[in-house]
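# Structural characterization, general
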Amino acid sequence: MSRKKILLSENDIPKAWYNIVADMTNKPLPPLNPVTKRPLNPEDLEGLFAKEIVKQEISQERWIEIPDEVRELYKIWRPTPLVRATGLEKALGTPAHIYFKNESVSPVGSHKLNSALPQAYYNKQQGIKRITTETGAGQWGAALSFACSLFGLDLLVYMVKVSYEQKPYRRMMMHTWGAEVIPSPSTTTEAGLQILAKDPETSGSLGIAISEAVEVAAKDPDARYTLGSVLNHVILHQTVIGLEAEKQMEIAEEFPDIVIGCFGGGSNFSGISFPFLRHRLTEGKAVRIIAAEPASCPKLTRGTFEYDFGDTAGLTPLLPMYTLGHDFHPADIHAGGLRYHGAGTIVSQLRKDSLVEVQDIPQLETFDAGVLFANTEGIIPAPESTHAIAVAIREAKQAKAEGRQKNILFCLSGHGLIDMTAYDQYYTKTMNNYQLTDEEIRRTTSVLEKLA
Ligand SMILES: *Cc1c(COP(=O)(O)O)cnc(C)c1O
């Protein structure tokens, strides 16, 4: 009889994170100093990030040890279950076996805590007193608030204004864990003031909130900045997801043919998929890796590969990535965690080398998928995670059409219990798909060629 869920014991929590850069033939291009246009010196970053984090950001080591204190804290909710979505399989009448790694069981409701804990830990180790960050839908801010509370660090969060207003519960969660939360753009920074002068009614964006958090950290020697996605060290920390899933698939005596993650900046996608992609890179094992991105913010599907800023004001280093341009303003879709213009340098290189595939999904299809999943597996998924579910469903239908058994694995990056307003708009049919024209994309990508 097949098993519904596969659980591991605390001893199975990985002892090291996996760094895929060690196994890439074409390494990611280096980030550039925006002023000199020369490859960045690691020391340039140490005013912004904790030293150990900078070391991880540029590391080429294959395995990086997880500190004991972080592993102890991972035990609060890790290892997470791997679940066979038998209910969903039945509803689809598919011969495919669908598995999902349930990251929604973390105390904050998403995978973000996997990186928030080590980031807070390394800052604390270095004697940093205060952390700044930005948050979109609030999941990263909530995760970091809890992590900072565990390590006794002060935290200042710039929260994208549209989410601050639409998702008051995550703001309240951050307050519960002791963080200060400011809606962005704000009048507390030069970057915020500049944006507000141009567009007083703006709903904000992740790129703007990053500019504000970076500016505050750069001015205070006791403060450092943290980011919840995109950068190499974040992706590294998230590989605990895929490393556990690898063990669990072994117990199920199956290897995935397809691994899927929704895609914002790439952290849960890389976390679930890189440990499996490793087998393709090192042993030639056949596995398809698919990123699921919103049709309204399609950087991997329709963006260009260029050097671009990670933020809107242009304060960060220039990163080589698939991007819609740092001035791109995504539509106010409910998957707030996927509203980001760029893709992270490792994933971008892998995409360029055709090692990862992409599918872009219209908003209504993602909620169709989310509601079907809720009714068959019980969990109400985060609007971000519904993108991965939608691709899993497409692939399971394809397997049915081909009459082939396939093993499909996706990451359930979070639950949607704090996003019910979004589901309500879906039920009342006040939700739409947002068409994005080529002209709009050209407007924000055409300026990039001159940057690097
Ligand atoms: C933040 C978030 C995402 C998107 O971020 P990635 O770094 O691309 O993983 C996806 N799902 C959930 C639940 C999130 O909180």
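Structure's up top.
Structure report, in brief. On a predicted model such as this, the values are computed, not experimentally measured, just so you know. (Residues numbered from 1 in each chain as written. Predicted model: local features only at pLDDT ≥ 70, side-chain atom pairs only at ≥ 80, totals over all residues. Heavy atoms only, no water.)

## A closer look at helix H17 (residues 385-402)
Spanning 18 residues, H17 covers 26 Å between terminal C-alpha atoms, matching the ideal 26 Å at 1.5 Å per step. One or two positions beyond H17, positive phi appears at Gly403, with a value near 60°. (Helix = DSSP H or I, 4+ residues; strand = E, 2+ residues; numbered from the N terminus. Expected span 1.5 Å × (residues − 1).)

## Structural notes on the site of the ligand
Around the ligand there are 18 residues in total, and Lys112, Ser229, Gly264, Ser267 and Asn268 lie nearest to it. The contact in question runs from an oxygen atom of the ligand to an N or O atom on the side chain of Gln139, over 3.3 Å. Within the side chain of Ser229, an N or O atom sits 2.5 Å from an oxygen atom of the ligand. (Near = heavy atom within 4 Å. Polar contact = N/O pair within 3.5 Å; in protein donor to acceptor, adjacent residues only side chain to side chain.)

## Here's the deal with the sheet that holds strand E11 (residues 288-294)
Here we have 7 strands laid out as an open sheet, ordered E1-E4-E5-E15-E10-E11-E14, and mixed in their pairing. Where the open sheet ends on each side, the last strands, each with one partner, are strand E1 (5-6) and strand E14 (357-361). Docked against the sheet, helix H12 (residues 239-251) engages E1, strand E4 (82-84), strand E5 (97-102) and strand E15 (407-412), running at close to 140° with respect to E5. (Pairing = 2+ DSSP bridges. Contact = heavy atoms within 4.5 Å. Axes fitted to C-alpha atoms, helices over the stretch in contact; angles between N-to-C directions.)

## A word on the environment of Leu150
Positionally, Leu150 belongs in helix H6 (residues 139-151). Take Leu150: its relative accessible area is 37%, and that puts it in the partly exposed class. Measuring from C-alpha to C-alpha, the distance between Leu150 and Lys299 comes to 35 Å, with 149 residues separating the pair along the chain. (Buried < 20%, exposed > 50% of the residue type's maximum accessible area, 1.4 Å probe, protein only.)

## A few points about the state of the cysteines
One way to say it: the disulfide is the covalent bond shared by the sulfur atoms of two cysteines. Evaluation of the coordinates by the stated rule reveals 0 disulfides. Free cysteine: Cys262, not disulfide-bonded; nearest cysteine sulfur from Cys411 at 7.0 Å. On the basis of relative accessible area, Cys262 is assigned to the buried category, the value being 1%. Among the cysteines around Cys297, which has no disulfide bond, Cys262 carries the closest sulfur, lying 12 Å off. (Disulfide = S-S within 2.5 Å.)

## As for unusual backbone geometry
In the segment running from Arg78 into Pro79, the intervening peptide bond is cis, with an omega of -5°. Here Pro79 is to be found in the loop between helix H3 (68-74) and E4. Here the bond from Ser184 into Pro185 is cis, since omega is 5°, no more than 30 degrees from zero. Relative to the helices and strands, Pro185 is located in the loop between strand E8 (180-184) and helix H9 (190-198).

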